[in-house]
Amino acid sequence: MTSAIGVDIGGTGIKAGVVNLEHGKLESDRVRLPTPRGAQPADVLATVQQVLDMLGVSDSSLPLGVAFPASIKEGRTLSAANIAQEWIGFEAEKFFENGLGRSITFVNDADAAGVAEARHGAARGARRLTILTTLGTGIGSAFLYNGTLVPNTELGHLNYEGDSIERWTAYSAMEREQLSWQDWAARLQVFYDHVEFLFTPDLFVVGGGVSKHPENFIPLLNLRTPIVPAIHRNSSGIIGAASLAAD
Ligand code: BGC
């Protein structure tokens, strides 16, 4: 199989593309629709169907991977941070499969991005522990040990002053509070210092929408661990979901 379809469901947008698996690159346009307000299951499903229609792959027999912003075990979503509470304990994989009328591979969004960067991007060939973090509506994380994914790490929910640290440190916090890059980087420093102390990683990869502007904040961080932007930026989730679907 040389191609597969990836869908990346985020707190703000639902993105999709057809991925060339040999090169780990999009071979179609990248289509995007806003995540429906409240992100209720039926509305999210309808939007996923719409992005597949826009790509012209609704009837395709290519493998389909769907990345989703929650911890996922055996096809069930176990958390709901920037989406409707209905997802907690929900049989989400079956719900999408029934709704789309086909089988899917269902995976956490940051884990998908981590797999894309390990197979085709900034963490290719990296030894020992790579931690990818996505800085977007929330903060997602993926641990890759010698390229193998350890799923559902959820570092955005480390506790900071009684709340999930992503409320204070995600890119959405910078936008909401209109922080300068310096003020935001100071918050990121607290987050990455803590993660570095806990796990002593060998490489940090930064993904999510803000990885388009790495020069604005990565040089402001002072860490022992090398820290680099994701090569596939905001398409990592699509590419990783497609790549996992083809496994
Ligand atoms: C969710 C994670 C997700 C991250 C990025 C967090 O709020 O708990 O599962 O990976 O947002 O979307």
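First things first, this report covers the structure right here in the doc. Nothing here was measured: the structure is a model prediction, and the numbers come from that model. Position labels on residues start from 1 in each chain and follow its written sequence. For this predicted model, a pLDDT threshold of at least 70 governs which residues receive local features, and a threshold of 80 or more governs which side-chain atom pairs are given and counted, while totals over whole chains, interfaces and linings are taken from all residues. Side-chain measures here rest on the full set of heavy atoms in the structure, leaving out hydrogens and waters.

## A word on the site of the ligand
Piece 1. By convention in these notes, a residue is near a molecule or strand provided one of its non-hydrogen atoms lies within 4 Å of it. The full set close to the ligand counts 15 residues, and Asn108, Asp109, Glu154, His157 and Glu166 are the nearest of them.
Piece 2. Asparagine 82 places a polar side-chain atom, nitrogen or oxygen, 3.5 Å from an oxygen atom of the ligand.
Piece 3. Here aspartate 109 contributes a side-chain N or O atom positioned 2.5 Å from an oxygen atom of the ligand.
Piece 4. When the ligand sits alone it has 310 Å² of accessible area, and the protein chains cover 94% of it. Polar contacts here mean pairs of N or O atoms no more than 3.5 Å apart (in protein, one a potential hydrogen donor and the other a potential acceptor; neighbouring residues in sequence count only if both atoms are side-chain atoms). Per-residue accessibility takes into account occlusion by the displayed protein chains alone, with areas from the Shrake-Rupley method and a 1.4 Å probe.

## Some details on unusual backbone geometry
Piece 1. Although it is not a glycine, glutamate 154 sits at a positive phi angle of roughly 55 degrees.
Piece 2. Secondary structure elements follow DSSP: runs of H or I no shorter than four residues count as helices, runs of E no shorter than two count as strands, and numbering proceeds from the N terminus. Structurally, glutamate 154 is set in the loop between strand S11 (148–150) and strand S12 (159–160).

## What about the nonpolar core?
A general feature of soluble globular proteins is that nonpolar side chains tend to end up buried together.
Piece 1. Nine residue types can take part in a nonpolar core, namely buried Ala, Val, Leu, Ile, Met, Phe, Trp, Tyr and Cys, and a core is a set of them joined through side-chain atoms within 4.5 Å. Exposure categories follow from relative accessible area, calculated using a 1.4 Å probe and restricted to protein chains: below 20% of the type maximum is buried, above 50% is exposed, and the middle band is partly exposed. In this structure, Val7, Ile9, Val48, Phe68, Trp87 and Phe96 are the most contacted members of the largest nonpolar core, which totals 30 residues.
Piece 2. Those elements that provide at least two residues to this core are strand S1 (3–9), strand S2 (13–20), strand S4 (31–34), helix H1 (41–55), strand S5 (64–68) and helix H2 (92–100).
Piece 3. No other element matches the 6 residues that H1 contributes to this core.
Piece 4. Setting aside its immediate chain neighbours within four residues, valine 48 contacts Val7, Ile9, Ile14, Phe96 and Leu100.
Piece 5. Of all hydrophobic cores here, the second largest spans 26 residues; its members include Ala170, Tyr171, Val195 and Val206. Whether two residues are in contact is decided by their heavy atoms: any pair within 4.5 Å suffices.

## Considerations on the sheet that holds strand S14 (residues 203–207)
Piece 1. Should DSSP find at least two bridges between two strands, the strands are regarded as paired. An order of S11-S10-S9-S14-S15 is seen for the 5 strands of this open sheet, with the pairing classed as mixed. Each end of this open sheet is capped by a strand with a single partner; those strands are S11 and strand S15 (227–229). Within this sheet the neighbouring strands show an average axis-to-axis angle of 30 degrees, counted without direction.
Piece 2. Contacts between helix H3 (residues 109–120) and the sheet are confined to strand S9 (129–135), strand S10 (139–145), S11 and S14, with S10 contributing the most and set at about 45 degrees to the helix.
Piece 3. Simply put, an axis is a line fit to the C-alpha atoms, just over the touching stretch for a helix, and the angle between two N-to-C directions goes from 0 to 180 degrees. Contacting S9, S10, S14 and S15, helix H6 (residues 181–199) crosses the sheet at an angle of about 150 degrees to S9.

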